[in-house]
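Each chain, written out:
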Amino acid sequence: MNSVLKRDLDQIGILLEGIKNESLSFLKDINAVPTSTQPKVSPGNPLDHKGKGAIPAFEEFMERFKSVITGSSGPRYWGYVTGGSTPAAIMGDWLAGVYDQNTQGIKGNGDISALIEVETVDLLLDLLDLPKDFLGGFVTGAMMSNFTCLAIARQWLGHVQGVDISREGLYNCPKINVLSATPHSSAIKALALLGMGSTNIIQIPTMEGNREAIAIEALEQHIQELNGAPFILISSAGTVNSGDFDDFKAISALRSKYKFWWHIDAAFGAFVNCSPEYKHLVNGWEKADSITVDCHKWLNVPYENAVFFVKEKHNKLQVATFQNSNAPYLGDISENFTYLNLLPENSRRLKALPVWFSLKSYGKEGYQSIVENNIELAQKLGKWIEKHPQLELLAPVNLNIVSFTLKNADSVTIDKFLNMLNSRGKVFMTPGMFKGKKGIRAALVNWRTNPEDIDIATHEIEATLKLL
Ligand SMILES: Cc1ncc(COP(=O)(O)O)c(C=O)c1O
C-alpha cells in the first residue's frame, strides 16, 4: 500500500473526528452562514506528485474553499427550490459514503443494497398515499426523474405505433405529440435529450385568472385535434412561480376517453399529500403512468436525491428502455431484479439511505409539520408584501412560493434590487416570472425556517429598498 494512504488509514479516527468537528461547527452556525458569497478562491498549486495526505488536504480545503460554502442548506436560502438536510438524513448520507455500496440489484454480485432502495420506495409510497402498483427508483434529481419517466413514455408512444424506439431509434416513428400547459424547464430539457425536441410541446392554455394550471376544456379540444393519435401529457403538481396544480381528477376522467401517457412532475408538490389541509391538491394523481418526486427539495435530504414512480404494468416497456444486458461481466441480470435495467445509471451510490433514515425518524407527522410550517410562513411573508407600499405580489401565495415585484419598477431596477438583497448574505431569492411579468421569487422548503427568519427577511427587504 502507498505510504500516504497507509498513514491516512492508520489515522482514520483522527480524520473522521476532524470532519465531525467541522460538520458540527457548520451545522451549529448555519443560521449565520452567509446565504451568498463572493465567487473567488485563491489560486491552487498543480497536482502534487506524491500527494500530501488527508490532513494537509483538509487544511488546504478549509483555507481556500470554506469561504465559498454558503448557507444554502440553512433557513433563509429561498432560491430555486432548495431543501436542507434533516439530522437523520445527514446520518444516512454519511453512512452511504462510508458503506460505499453500488446499488444495482437484489441478487447481484455480493452487493444487495437495492433491498434498502426497494423498502425506501415503499415507505415513500406510504408517505405520499400512492398505491403499491407503482415501481420506483432513485436518480440524481427531478430533472433525471423527468428524463427517466419521459424515456419510458417515449417507448410507450413508439410501442403503440409499432416502433421499438430503444432498438430502432426515432427514425421510423410518426410525429411525437407532447401536451403541457406549464412544464418545468427540466421536462423540456428532458424532451431535448430524448430526441423529442424542446420546441415540440403543444402548449395548452392555462385556466383563466391568476392560474398556471392547465385549462381542461382547451386540453380536450387539442386532444380531439390529434384525431386519435397517441400523445404524452406532462402535468404539474406545483409550478415554480405560483405553486399551482393541474386538476388531476379531471385529467383522470380523460383517461377513459383518450390514449395517452400521463406524466406528473410533482418534484416538490408531491409533499402536500402529507398535509390533510392540502392533500386535495393531488386528488386523482394515483391514476398517472409516471410521477417525478424530488427528495432533495421538501423531503430535506442532501443533494443528489430524487425518485421516479412508474406504474408496474409498464415494466416491460421500462426494461426495454433501460436494458443493459449485453455485458457478460455483469452476470445474468435478466433473471434477477436489478435497477440496471430500470433506470438511466448503472453504478449508483446508496441514495435511498438518507431518505430511509429521515422517513423512519420523522414519519408522516414530521413531514406534515415541515410542509405546513413552510406554507404558513410563505403566507406570512405574502401578507407583509401585500401591505407594503413599494411592493406587490405577482401571483397568489397558493403554497410555499412567494412571487413578488417592486411596484412601477423596470426590469433593471428589479435585478438591481435582487442583487443588492442577495449580496447582503442574510436571505437569498431568485428571479421569477409570472404571466409575462418579471419579479422575484422565494420558495420555502427548508425544515429549519421559522417566524424569526421571515422577520429577518422583511427587515432585509426594507433595508435594501432604502439603499436602492
Ligand atoms: C417542478 C420541478 N421539476 C423539476 C425540477 C428540477 O429539479 P432538479 O434540479 O432537482 O433536477 C424542479 C426544480 O426546481 C422543479 O421545481
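Residues numbered from 1 in each chain as written. Predicted model: local features only at pLDDT ≥ 70, side-chain atom pairs only at ≥ 80, totals over all residues. Heavy atoms only, no water.

Caption draft 1: Looking closely at the packing of aromatic side chains. Tallied over the full model, the rule gives nine aromatic pairs. Residues Tyr 77 and Phe 428 carry aromatic rings whose centres are separated by 4.6 Å and whose planes lie at 5° to one another, so their mutual orientation is stacked. With Tyr 77 in the loop between helix H3 (54-64) and helix H4 (87-99) and Phe 428 in the loop between helix H13 (411-423) and strand S10 (430-434), this pair connects stretches of sequence that are 351 residues apart. A relative accessible area of 13% means that Phe 428 is categorised as buried. With a centroid separation of 4.9 Å and an interplanar angle of 10°, the aromatic rings of Phe 231 and Phe 260 are classed as stacked. Here Phe 260 lies in strand S5 (residues 260-265) and Phe 231 lies in strand S4 (residues 231-236), a separation of 29 residues in the sequence. (Phe/Tyr/Trp six-rings, centres within 6.5 Å; stacked < 30°, edge-to-face > 60°. Helix = DSSP H or I, 4+ residues; strand = E, 2+ residues; numbered from the N terminus. Buried < 20%, exposed > 50% of the residue type's maximum accessible area, 1.4 Å probe, protein only.)

Caption draft 2: Here's a closer look at the sheet that holds strand S2 (residues 178-180). The strand order across the open sheet formed by seven strands is S1-S7-S6-S5-S4-S2-S3, and the pairing between neighbours is mixed. Here the strands that pair on one side only, and so sit at the sheet edges, are strand S1 (134-139) and strand S3 (201-203). In this sheet, neighbouring strand axes are inclined to one another by 20° on average, regardless of whether the strands run parallel or antiparallel. Helix-sheet contacts for helix H9 (residues 216-225) involve S2, S3 and S4, and the interaxial angle to S2 is about 165°. Contacting S4 and S5, helix H10 (residues 248-255) runs over the sheet at an angle of about 165° to S5. (Pairing = 2+ DSSP bridges. Axes fitted to C-alpha atoms, helices over the stretch in contact; angles between N-to-C directions. Contact = heavy atoms within 4.5 Å.)

Caption draft 3: Spatial organisation of the packing of helix H6 (residues 142-159) against helix H8 (residues 185-193). Running from amino to carboxyl end, H6 crosses H8 at an angle of 50°, the nearest separation of the two axes being 9 Å. Put simply, H6 runs oblique to H8. At the point where H6 passes H8, the crossing takes the right-handed sense. Residue-level contacts link Met 143, Asn 146, Phe 147 and Leu 150 of H6 to Ser 186, Ala 187, Lys 189, Ala 190, Leu 191 and Leu 193 of H8. (Parallel < 35°, antiparallel > 145°, perpendicular 65-115°, else oblique. Left-handed = near helix turned anticlockwise from the far one by under 90°.)

Caption draft 4: The nonpolar core, seen in detail. Leu 124, Phe 271, Trp 285, Ile 291, Leu 299 and Phe 309 are the most contacted members of the largest nonpolar core, which totals 99 residues. Of all the elements, H6 adds the most residues to this core, at ten residues. Counting contributing residues, this core receives three or more from each of domain 2 (90-358) and domain 3 (364-467). Contact partners of Leu 299, with chain neighbours within four places excluded, come to Thr 86, Leu 124, Leu 127, Phe 271, Val 355, Ser 358, Leu 359 and Tyr 367. Of all hydrophobic cores here, the second largest spans 23 residues; its members include Val 397, Val 402, Phe 417 and Leu 444. (Core = buried A, V, L, I, M, F, W, Y, C linked by side-chain atoms within 4.5 Å. Domains from an automatic or database assignment.)

Caption draft 5: Structural detail: the site of the ligand. Around the ligand, the surrounding shell holds 15 residues, and the nearest of these are Met 143, Asp 265, Asp 294, His 296 and Lys 297. Separating an oxygen atom of the ligand from a side-chain N or O atom of His 296 is a distance of 2.7 Å. Protein chains bury 82% of the 390 Å² of accessible surface belonging to the ligand in isolation. Per element, the largest residue contribution to the shell around the ligand is three residues, and it comes from H6. Looking at the shell around the ligand residue by residue, the classes come out as six nonpolar, six polar and three charged. (Near = heavy atom within 4 Å. Polar contact = N/O pair within 3.5 Å; in protein donor to acceptor, adjacent residues only side chain to side chain. Areas by Shrake-Rupley, 256 points an atom, 1.4 Å probe, with all protein chains shown as cover. Nonpolar A, V, L, I, M, F, W, Y, C, P; charged D, E, K, R; others polar.)

Caption draft 6: Region of the structure containing a nonpolar patch on the surface. Taken together, the side chains of Ile 12, Leu 16, Ile 19, Trp 94, Val 98 and Tyr 99 present a nonpolar region at the surface, about 550 Å² in accessible area. When you line up the elements, Tyr 99 lands in helix H4. Accessibility expressed as a relative area gives 47% for Tyr 99, which makes it partly exposed. (Patch = residues over 30% accessible without salt bridge, like charges linked within 9 Å, V, L, I, M, F, W, Y side chains within 5 Å. Salt bridge = Lys/Arg side-chain N within 4 Å of Asp/Glu carboxyl O.)

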